[in-house]
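So the chains spell out like this:
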Amino acid sequence: MTEEIIIAGFGGQGVLSMGKILAYSGIMQDQEVSWMPSYGPEMRGGTANVTVILSDERISSPILTEYDTAIILNQQSMDKFEEAVKPGGTLIYDGNGISRHPERKDINIYRIDAADEASSMGLSKIFNMIVLGGYLKVKPLVNLKNVSLGLKKSLPERYHHMLPDNEKAIKRGLEIIQPVHTLD
Amino acid sequence: MGELKLMKGNEAIAEAAIRAGVDAYFGYPITPQSEVIEYLSSQKPEERTGMVLLQAESEVASINMVYGAAGSGKKVMTTSSSPGISLMQEGLSYIAGAELPCVVANVVRGGPGLGTIQPSQADYFQATKGGGHGDYKLIVLAPASVQEMADFIPLAFDLAFKYRNPALILSDGMIGQMMEKVELFDQVPRRTEEEIKKTCPWATTGKPKTRERNIITSLYLDPGTQEQHNYKLQKKYRKMEEDEIRYEKIECDDAEYLFVAYGSSARIAQKAIQLGRKKGMKIGLLRPITLYPFPVPQIREMIPRLKGILSVEMSAGQMIEDVRLAVGDKIPAEHFGRLGGIIHSPTEILEALEQKIIGG
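Owing to the predicted nature of the structure, the values given are computational and were not obtained by experimental measurement.

Caption draft 1: The arrangement of the overall build of chain A in detail. Along chain A, the regular secondary structure elements total 6 helices and 7 strands. The order of helices and strands in chain A, counted from the N terminus, is β-α-β-β-β-α-β-β-α-α-α-α-β. Taking 16 Å as the expected radius of gyration for a compact globule of 184 residues, we find that chain A reaches 15 Å, a close match to that expectation. Once the C-alpha set of chain A is aligned to its principal axes, its extents read approximately 45 × 40 × 40 Å. Carbon and sulfur atoms provide 50% of the accessible area of chain A, an area that totals close to 8000 Å². For chain A, the distance from the average site of its 19 positive side-chain charges to the average site of its 23 negative ones is 6 Å.

Caption draft 2: Highlighting the interface of chain A and chain B. Across the boundary between the two partners, chain A contributes 25 residues, which contact 26 residues of chain B. Interface area, chain A with chain B, both sides summed: about 2100 Å², of which 60% is carbon and sulfur. Along the contact surface separating chain A from chain B lie 3 salt bridges. Note that A:E4 and B:K271 form a salt bridge whose closest N and O atoms lie 2.5 Å from each other. In this assembly, chain A and chain B are joined by 9 residue pairs in polar contact (both at pLDDT 80 or more). At the level of secondary structure, the elements contributing two or more residues to the side of chain A that touches chain B comprise α1 (15-28) and β2 (32-37) of chain A. Here the side of chain A that touches chain B takes 6 residues from β2(A), the largest share from any one element. Here the residues of the side of chain A that touches chain B are counted per class, giving 13 nonpolar, 6 polar and 6 charged. Here β2(A) pairs with strand β8 (residues 179-184) of chain B via 2 bridges, running antiparallel. Looking across to β8(B), one finds that A:W35 is bridged to B:M179.

Caption draft 3: Focus on the sheet that holds strand β4 (residues 67-72) of chain A. Reading across the sheet, the 9 strands line up as β7(A)-β6(A)-β5(A)-β4(A)-β1(A)-β3(A)-β2(A)-β8(B)-β1(B) and stay open at both edges, with mixed pairing between neighbours. The sheet is open, and its two borders are formed by β7 (178-181) of chain A together with β1 (3-8) of chain B, each paired with just one other strand. Each strand of the sheet is rotated relative to its neighbour by a mean of 25°, with strand direction disregarded. The strands that α1(A) touches are β1 (2-10), β2, β3 (47-55) and β4 of chain A together with β1 and β8 of chain B; relative to β3(A), the one it contacts most, it runs at about 10°.

Caption draft 4: Highlighting the nonpolar core. With 116 residues, the main nonpolar core has B:M77, B:F259, B:I309, B:L310 and B:V323 as its most contacted residues. Considering every element that reaches this core, the biggest residue donor is helix α8 (residues 146-163) of chain B, with 11 residues. Here this core spans two domains, and each of domain 1 (3-193) and domain 2 (247-358) of chain B adds at least three residues to it. Once you skip the residues sitting within four places of it in the chain, B:V323 turns out to touch B:V260, B:F294, B:I309, B:S311 and B:A333. One finds A:I21, A:V52, A:I71 and A:I177 within the second-largest nonpolar core, a separate group that totals 41 residues.

Caption draft 5: Expanded view of the environment of A:I92. Residues and elements named next belong to chain A. Position of I92 among the secondary structure elements: in strand β5 (residues 85-93). In the structure, I92 is positioned 76 residues away from L16 in sequence and 16 Å away in space, judged by C-alpha atoms. Among all residues touching I92, those that are not within four sequence positions of it are T69, A70, I71, I72, Y110, I112, Y135, V138 and I177.

Caption draft 6: The sheet that holds strand β13 (residues 308-312) of chain B, seen in detail. Residues and elements named next belong to chain B. Taken together, the 5 strands give an open sheet; going across it, the order is β9-β11-β10-β13-β14, and neighbouring strands pair in mixed fashion. Every interior strand has two partners, whereas the edge strands, β9 (247-250) and β14 (333-336), have only one. The average angle at which neighbouring strand axes cross in this sheet is 20°, direction not considered. Bridging between β9 and strand β11 (residues 283-288) involves 4 bridges; their strand directions are antiparallel. Note on β11: the bridge partner recorded for E248 is R287. In the packing of helix α12 (residues 263-278) onto the sheet, contacts are made with β9, β10 (257-260), β11 and β13, and the angle to β11 comes to roughly 170°.

Thresholds, definitions, all that
- Residues numbered from 1 in each chain as written.
- Chains lettered and ligands numbered in written order.
- Predicted model: local features only at pLDDT ≥ 70, side-chain atom pairs only at ≥ 80, totals over all residues.
- Heavy atoms only, no water.
- Helix = DSSP H or I, 4+ residues; strand = E, 2+ residues; numbered from the N terminus.
- Rg over C-alpha atoms; globule rule 2.2 N^0.38 Å.
- Areas by Shrake-Rupley, 256 points an atom, 1.4 Å probe, with all protein chains shown as cover.
- Lys, Arg positive; Asp, Glu negative; His and termini not counted.
- Charge placed at Lys NZ, Arg CZ, Asp CG, Glu CD.
- Contact = heavy atoms within 4.5 Å.
- Buried area = accessible area lost by both parts, 1.4 Å probe.
- Salt bridge = Lys/Arg side-chain N within 4 Å of Asp/Glu carboxyl O.
- Polar contact = N/O pair within 3.5 Å; in protein donor to acceptor, adjacent residues only side chain to side chain.
- Nonpolar A, V, L, I, M, F, W, Y, C, P; charged D, E, K, R; others polar.
- Pairing = 2+ DSSP bridges.
- Axes fitted to C-alpha atoms, helices over the stretch in contact; angles between N-to-C directions.
- Core = buried A, V, L, I, M, F, W, Y, C linked by side-chain atoms within 4.5 Å.
- Buried < 20%, exposed > 50% of the residue type's maximum accessible area, 1.4 Å probe, protein only.
- Domains from an automatic or database assignment.

Here it is, written out as structure tokens:
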């Protein structure tokens, strides 16, 4: 099994930390992982993206041009990465701020309104964990117990009091993700 | 099994430095390697092992602090990225001339000049051909994973002390910034003063009555003496070329075409091999782990079975010169690489092989 994922959105949405938690979850179940961020000026408010690979085998290139799954959190990223999903692959997006919805018919498309859900839960910081929950519903490649362990490993200890909120957000994500277009 | 962590390449360098029992780190921050000094300062190495951590006022100061401390037999290192490494070249030439061990890591970014902060491999010439003035070589190791960023720190120190020569770890912004699983080796204690005196009899550790003064210098004004000193250095480099070549071969057994690539390009080339083999192309990879000494005999040995070689490097074509020296005109050997901080994709590498070698 190899899963090649791009997570893309605005800086500050928790794109990089979501990728890190996913990668740590992979380590918890003995997988090979890589996490390759876009770095530089774009980290400070512009678009941010990270490529995460989970695999049972040694990982070759940590940088890719096509992906099994794209998790897209703003319009710029939709414009850039919709075409980069492999045929038969999966696109997950948050509808908030999206003016042009994905149109491809050869991939699975899911929508998760995580931004709206985070604000109605009164927990804007755990937006990315709602998205992660949605991803895990569609692609249950890492089990939830290992995600909890990965979360604990990647959050600094001073934030450990927020672990229950994060886990709650992941569970909420599992519930609210909706298929838009699926191949089967 | 050691401790498993998810770390950036830069953080792995820093953690490995503490665990390898390094005595001092002198450095100055620059993107994309600033996490080295950031991580070190977060770890309070002065409390963990007694290691000295000092942010110098410049790269020139860093390398000269390394020079001074290395003279006393201590395990010392610095890290920087391309423009900062250029500033260190005078010091590196002095350290090589004075035959002192130290480790320097270059997390390469695009150039020339201040260039860009994105990954590049265009410092190959500087790294492998000396870099500063005079006839000297650095031992150059090219990690291709975060694991190797950690593992090459103790390896680089072993080689540096074995040959009394600076060792350079040549990575780039991709390996420095990416996170992977790392298995960390256990803490190695720092050497005691007595151990240093015993293992480094050349070091300036205080003159006992039993020996003459140890003098650390690269200045031999008499040309005859300087020539003899140069012959001694050259003999050392020949010995390195005999004994220290390191490389990895991937899918080479049935290969008709060969990629030669190091560091991040080797990782991307592996993906290109997967794509090519799906189309029935028999491609392999020779990954030089030491860039100096370069795996010349290993490439030569493969030539009779090969139809062509593509040297892949994020540069306008630097390592290709060493590949061609190994290959001569026996089979086609061409270069491919994106420039100035752009990372080539696996597809681009495969297309270059098809156009420049298979179709050419």
